[in-house]
Amino acid sequence: MPTTAQHPIPPPAARSRTAEPARRPEPDVPRRGRRARARKAWRQHWQLYLLAIVPLAYFVIFKYIPMTFTVIAFKDYSPVRGPWGSEWVGLHNFQLLFANPVFTQLLKNTVYLAFYLILASFPIPILLALALNEIRQGWFKRTVQMVTYAPYFISTVVVVSMTILVLSPRAGIVNTGLGLFGVDPINFMGEPGWFRHIYVWTDVWQTAGYSAVIYMAALAGIDPALHESARIDGASRLQRIRHIDLPGIMPTAVIILILGVGNTMAIGFEKTYLLQNDLNLGLSEIIPTYVYKTGLINADFSMATAVGLFNSVVNLFLLLVVNFAAKRVTGNGLWR
Amino acid sequence: MSVLPLSRLRRRNPAVTKVRETAGDRMFMIVVTLMLVVVLAVVLAPIVFIVASSFSSADAVNAGRVSFWPVDFSLHAYHVALTNSQVLQGYYNSLIYAVAGTAISVTLTVAIAYPLSRKTFYGRNVIMTLLIFTMLFSGGLIPTYMVVQDLGMINTRWALLIPNAIGVWQVIIARTFFATSIPDELHEAAMLDGASELRTLRSVVLPLSKPVLAVLALMYAIFQWNTYFDALVYLKDTDLYPLQIVLRNMLLLNANRPGSVDLAQQMEGLRLANVLRYALIVVSSLPVLLIYPFIARHFTKGVMVGAVKG
């Protein structure tokens, strides 16, 4: 770690004391003072800029240079000629994309999945946090928190494998359970209609406990005096949740909702790709998986970049719209 | 805030207790508790099922006789899983990626978050805006791939360590911590003693920032342990595969091992394949789930630090 490497021992304190009087004349000589102060600031703080150089280079190389490479969406990319030397084709790639019947399906799949996900995974952590907040017994509260939080740490590969095993028509626990009620085994992974439910509810299973933590923090920040006076005035628990807790976590909830909508088009490649099979592909092919297949499996860089660019632009647009609407309605937004 | 906490009031003043516990409230609490018990069961059920199956015999698993307790207790699946060379290689690789990746990521995150937290760092607002913009808009998969390719990182370990080294969210967490938890007076005192910025960072700021360093390290380590996307995109050489890709190939692609032409051997492989999956799930998730109870507290703190600043 370079930041903890050995550095020369600082000069003794006596030296800085002799340097101290030199700073005093500054207010008296404002014209020369500003430049002197700037020079002094640089002498004292140049190491801050030194520290920042490598991380800044990282952001330029891995974030901003790729942004410039999106020009190949408007070109016929040839690896030999590079992104800048390739032939311009204008909006040709986008025309091809929008004319492709696959595109409508892709867009529909992506948007449906994303909105279903928000619909389910936005309110449930709030309910979980409100419920946990009512519980007084420490051990029960801690147990529920610990257990619901744990799935967040399981990898996507494992979560998908678990899903397939648990839902397996032959040996899975869900179908065994359904069998007790006389229901015939359901081939969850084989029937395309189940894909979205599986995606969304495994996501809720995995992240509800984690997301609830944020709301728990917001609830802990509510002034207890509010609850006590409401209690003395005879408010029931439900009334206190409605009139004290909910308004209390409102700003947090709005921000989480904005971030969720802002994530619409960036919905998880990792899980979708693993849940895909030949049977559910009609509903499970979303823009990120399509970009991966077009770009890296079929090696059509220009088209994949065009799809990706379309995705990023729509995403940014959605985020700005939701942020604007949220600020109008609730006065809370991501930025002022 | 001068009002006494109610738990204390209740003990002394029975009248308050009467105000508090109405029949409706008691009913409400029963419903809430029951709901949480159901939530607990739903979250635990699949995990218990997987663990129970992994300790059962292959025949019991294939016949669907296992529910929440091992049937025909057997450690055979674990024996096969832990002697598989691919799994061991994957474990080894993932350990390298987690340790090296975390070291690189935490170092770089501190290196940018610390200057950004200092008021004397000229241009910090512009830089912060530029960083946050990368959260909102990105060049996408292919342009990033082209950069990694140009740098010659394809099919090397660097591809998993460098292109995603810094998380903007983690920078925000670290910056917020440095800016709010290290008082300006400490910086001034260090400067009066003649310490340079680097020396201040090393001797004053970092020792006081252990909680946030732990949070960052945990976040990056768990990300490295659990992700598979970068490996899928950048790696071709099976010797470099992290555990998650090995798992994906074994758990999800139904890859029959080539070379096992012997029919009897193949049948045995198929019979075992199912129970092996359960054991692999347990083996791969165990390290994280074992340390999780000890780190959950830190994680929570990190989430909250981030939430404060938004």
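The structure this text deals with has already been given above.
If you're wondering where the values come from, they're calculated on a predicted model, not measured in any experiment.

Analysis parameters
Residues numbered from 1 in each chain as written. Chains lettered and ligands numbered in written order. Predicted model: local features only at pLDDT ≥ 70, side-chain atom pairs only at ≥ 80, totals over all residues. Heavy atoms only, no water. Salt bridge = Lys/Arg side-chain N within 4 Å of Asp/Glu carboxyl O. Buried < 20%, exposed > 50% of the residue type's maximum accessible area, 1.4 Å probe, protein only. Phe/Tyr/Trp six-rings, centres within 6.5 Å; stacked < 30°, edge-to-face > 60°. Helix = DSSP H or I, 4+ residues; strand = E, 2+ residues; numbered from the N terminus. Lys NZ or Arg CZ within 6 Å of the ring centre and 35° of its normal. Contact = heavy atoms within 4.5 Å.

Enquirer: I would appreciate a short explanation of the pattern of salt bridges in the present structure.
Expert: Two side chains with opposite charge may pair up if their charged atoms get near one another. All names here are of chain A. Taken as a whole, this structure holds 6 salt bridges over all chains when the rule is applied. R81 is paired through a salt bridge with E87; the nearest N and O atoms lie 3.5 Å apart. By relative accessible area, R81 is classed as partly exposed at 48%. Note on E87: relative accessible area 48%, which makes it partly exposed. Here D203 makes a salt bridge to K271, at a shortest N to O gap of 3.3 Å.

Enquirer: Is there a simple way to think about the packing of aromatic side chains in this case?
Expert: Each aromatic ring pair is characterised by the separation of its centres together with the angle its planes make. Overall, the coordinates contain 33 aromatic pairs over all chains when judged by the stated rule. A ring pair is formed by Y273 of chain A and Y292 of chain A, whose centres lie 5.2 Å apart and whose planes are at 75°; its orientation type is edge-to-face. Here Y273 of chain A, found in helix α13 (residues 269-275), pairs with Y292 of chain A, found in helix α15 (residues 287-297); they are 19 residues apart in sequence, far enough to count as distant. Neither residue differs from the other here; Y273 of chain A and Y292 of chain A are each classed as buried. The interplanar angle of 85° and the centroid separation of 6.1 Å between the aromatic rings of F301 of chain A and Y145 of chain B together place this pair among those described as edge-to-face. Taken as a pair, F301 of chain A in helix α16 (residues 301-330) and Y145 of chain B in helix α8 (residues 141-150) lie in two separate chains rather than in one. In terms of burial, F301 of chain A and Y145 of chain B fall into one category: buried. Here the aromatic cluster, defined as three or more aromatic residues joined through ring pairs, consists of F74, F94, F98, F103 and F310 of chain A. Just above the ring of W88 of chain A sits the side chain of K75 of chain A; from NZ or CZ to the centre is 4.5 Å. The ring centre of Y199 of chain A lies 4.6 Å from the NZ or CZ of K271 of chain A, which sits over that ring.

Enquirer: I'm lost on the environment of V110 of chain B in this one. Help?
Expert: Residue and element names in this part refer to chain B. Mapped onto the elements of the fold, V110 is located in helix α6 (residues 85-117). Judged by relative accessible area, V110 falls into the buried class, the value being 3%. Between the C-alpha atoms of V110 and T227, which are 117 residues apart in sequence, the distance is 22 Å. Residues in contact with V110, not counting those within four places in the same chain, are P115, F178, L201, L206 and L213.

It is worth stressing that arrangement in space is one thing and function is another; only the former is reported here.
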